[in-house]
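Now for the letters of each chain:
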Amino acid sequence: MAGALKGPGPLSLEERRKSKGKMAGCHPYFNLPDFTQPSPPSTPSSLPSHQRCRPSDVTKGLLVALLGGGLPAGFVGPFSRMAYQASHLPSLELLICRCLFHLPIALLLKLRGDPLLGPPDVRGRACLHALFNVLSIGCAYSAVQVVPAGNAATVRKGSSTVCSALLALCLESQGLSGYDWCGLLGSTLGLIIILEPGLGTLQEGTTGLYTALGYVLTFLGGLALSLGLLVYRSLDFPSCLLTVAFLFGLVGLVGSVPGLFLLQTPVLPNDPLSWSCVGAVGILALVSFVSVSYAVTKAHPALVCAVLHSEVVVALMLQYYVLYETVAPSDIMGAGVVLGSIAIITTQNLSCEREGQVE
């Protein structure tokens, strides 16, 4: 009996470990992590989508047109006028000097192994684009000698904007949003406000005739610029930007050198101011040319031309502070309207791409 009532003997060490394992599996307080084992490396959580936002192509194009196209181009007109006032530098000679800055691009094309004139199937359109740009710049440089720099830039940019909108709408069937049309009409209204007092006070006689001819040349320059931008949008091949930049210099030299000796008298500047202005015109114009050519492949040509109206504001400021030419209250009012229209266009088109989608 005493043996039957005898309780179980002491548990061995292995049995006690098994008992603790069963208790840990059935009681919540024993479900503790094993700190003796190394924890797996934690993977960083992916960033939210709003932190992976990047500017869209339209936004990039408009910003490049504003900072790289409009602002540098605003210095070209006043500097051209300064060179003419200092040494009576002819417009075609200034165009030749500008074209010389485009020729070194041939070295980049040679290093890349690309043909200088572009592929044979698009060579004609590339040369046509260069011809339109040479005509546009030639008209602008000729007009700036008889028309104030701010007014010349106003007419050229205004006509290029209107013509670009109409050409893109008719030929490419590429429409614009309501905000874009509002910005275009506002910028055009600002240009009219700037230009109207000057057109209303044209003098009679030879001086008035030359002034009117200068405004006609600036309008034709804007029309040629819009045609050039439209042709450039149809070009699509590697190193397109470098090719058209080189062709501009080549076509400009071929057309300007004979015209200089036939229509004008070459002048060799002998003062540092003229050479400084010529160098500044060549560098700034090259930067503006490349920026506008890039921007027009990303955004609508009319929007690019509208953003380029910032050139007018810069030209008016230099006209007043550097050239000491009168700036009327209407110029200031029109410049404000232009800046407001640029803000509308740029703000409406500011967007970003998130995970391949445009917002």
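Residues numbered from 1 in each chain as written. Predicted model: local features only at pLDDT ≥ 70, side-chain atom pairs only at ≥ 80, totals over all residues. Heavy atoms only, no water.

By the naming in an unreviewed UniProt entry, the chain goes by EamA domain-containing protein and is assigned to Sousa chinensis. Per UniProt, the comment on the chain under Subcellular location (unreviewed entry) is "Membrane". Looking at the Sequence similarities (unreviewed entry) heading of the UniProt record, one finds this comment for the chain: "Belongs to the SLC35G solute transporter family." (UniProt positions renumbered as here; feature names shortened; annotations may be inferred.)

**Q** Quick question: what am I supposed to make of the side chain of Thr-243 here?
**A** One can find Thr-243 in helix α9 (residues 240-263). Here Thr-243 is in contact with Leu-109, Pro-115, Leu-116, Leu-117, Gly-118 and Phe-237, once residues within four sequence places are set aside. (Helix = DSSP H or I, 4+ residues; strand = E, 2+ residues; numbered from the N terminus. Contact = heavy atoms within 4.5 Å.)

**Q** For this particular structure, what's the right way to read the packing of helix α3 (residues 91-100) against helix α5 (residues 123-143)?
**A** Axes are the key here: two packed helices are described by the angle between their axes and the distance separating the axes. Between α3 and α5, the least distance of the axes is 9 Å, while the angle of their chain directions is 135°. As judged from the angle between their axes, α3 and α5 are oblique. Like other packed secondary-structure pairs, α3 and α5 cross with a definite hand, here right-handed. In this structure, α3 contributes Ser-91, Leu-94, Leu-95 and Arg-98 to the contact, and α5 contributes Val-134, Ile-137, Gly-138, Tyr-141 and Ser-142. Split into classes, the residues belonging to the contact of α3 with α5 amount to five nonpolar, three polar and one charged. (Axes fitted to C-alpha atoms, helices over the stretch in contact; angles between N-to-C directions. Parallel < 35°, antiparallel > 145°, perpendicular 65-115°, else oblique. Left-handed = near helix turned anticlockwise from the far one by under 90°. Nonpolar A, V, L, I, M, F, W, Y, C, P; charged D, E, K, R; others polar.)

**Q** Is there a simple way to think about helix α2 (residues 57-87) in this case?
**A** Each α-helix turn comprises 3.6 residues. Residues three or four places apart therefore point the same way. Taking 1.5 Å as the rise per residue, α2 with 31 residues should run 45 Å; its terminal C-alpha atoms sit 44 Å apart, in good agreement. Ala-65 marks the point of greatest bend in α2, at about 30°. At the C-terminal side of α2, His-88 shows a positive phi close to 50°. (Expected span 1.5 Å × (residues − 1). Bend = angle between axes of the 7 residues up to and from the residue.)

**Q** Would you explain the nonpolar core in this entry?
**A** Across soluble globular proteins, nonpolar side chains have a tendency to be buried as a group. Counting residues in each nonpolar core, the largest one holds 54 residues, and the members touching the most others are Leu-95, Tyr-141, Leu-235, Phe-248 and Val-304. Every element with two or more residues in this core is listed here: α2, α3, α4 (105-112), α5, α8 (206-233), α9, α10 (272-295) and α11 (301-307). Residue contributions to this core peak at eight residues, all from α9. Sequence-distant contacts of Tyr-141, that is, excluding residues within four places in its chain, are made with Val-76, Ser-80, Ser-91, Leu-94, Leu-95, Arg-98, Val-281 and Ala-285. (Core = buried A, V, L, I, M, F, W, Y, C linked by side-chain atoms within 4.5 Å. Buried < 20%, exposed > 50% of the residue type's maximum accessible area, 1.4 Å probe, protein only.)

**Q** What is the right way to look at the packing of aromatic side chains in this model?
**A** Any two aromatic rings considered together are summarised by their centre-to-centre distance and by the angle between their planes. Under the definition given, this model contains three aromatic pairs. Here Phe-75 and Phe-79 contribute two aromatic rings whose centre-to-centre distance is 6.0 Å and whose plane-to-plane angle is 45°, an arrangement assigned as tilted. Residue Phe-75 and its partner Phe-79 are located together in helix α2, separated by four residues, close to a single helical turn. For the pair Phe-248 and Phe-289, a centre-to-centre distance of 5.2 Å together with 35° between the ring planes defines the contact as tilted. Of this pair, Phe-248 sits in helix α9 while Phe-289 is found in helix α10, placing the two residues 41 residues apart along the sequence. On the basis of relative accessible area, Phe-248 is assigned to the buried category, the value being 0%. (Phe/Tyr/Trp six-rings, centres within 6.5 Å; stacked < 30°, edge-to-face > 60°.)

**Q** I would appreciate a short explanation of helix α12 (residues 310-321) in the present structure.
**A** The end-to-end C-alpha distance of α12, which contains 12 residues, comes to 17 Å, matching closely the 16 Å that a straight helix rising 1.5 Å per residue would cover. Among the 12 residues that make up α12, nine are buried, leaving the element largely enclosed by the rest of the structure. Where α12 is concerned, the buried positions are Ser-310, Glu-311, Val-312, Val-313, Val-314, Ala-315, Leu-316, Leu-318 and Gln-319.

**Q** Teacher, can you tell me more about the UniProt feature "transmembrane region" (unreviewed entry) in the chain here?
**A** Under the feature "transmembrane region" (unreviewed entry), the UniProt entry names residues 212-232, 239-261, 273-296 and 303-322. Helix and strand shares over residues 239-261 are 96% and 0% respectively, and the end C-alpha atoms of the span are 34 Å apart. In residues 303-322, helix accounts for 85% and strand for 0%; the two terminal C-alpha atoms are 30 Å from one another.

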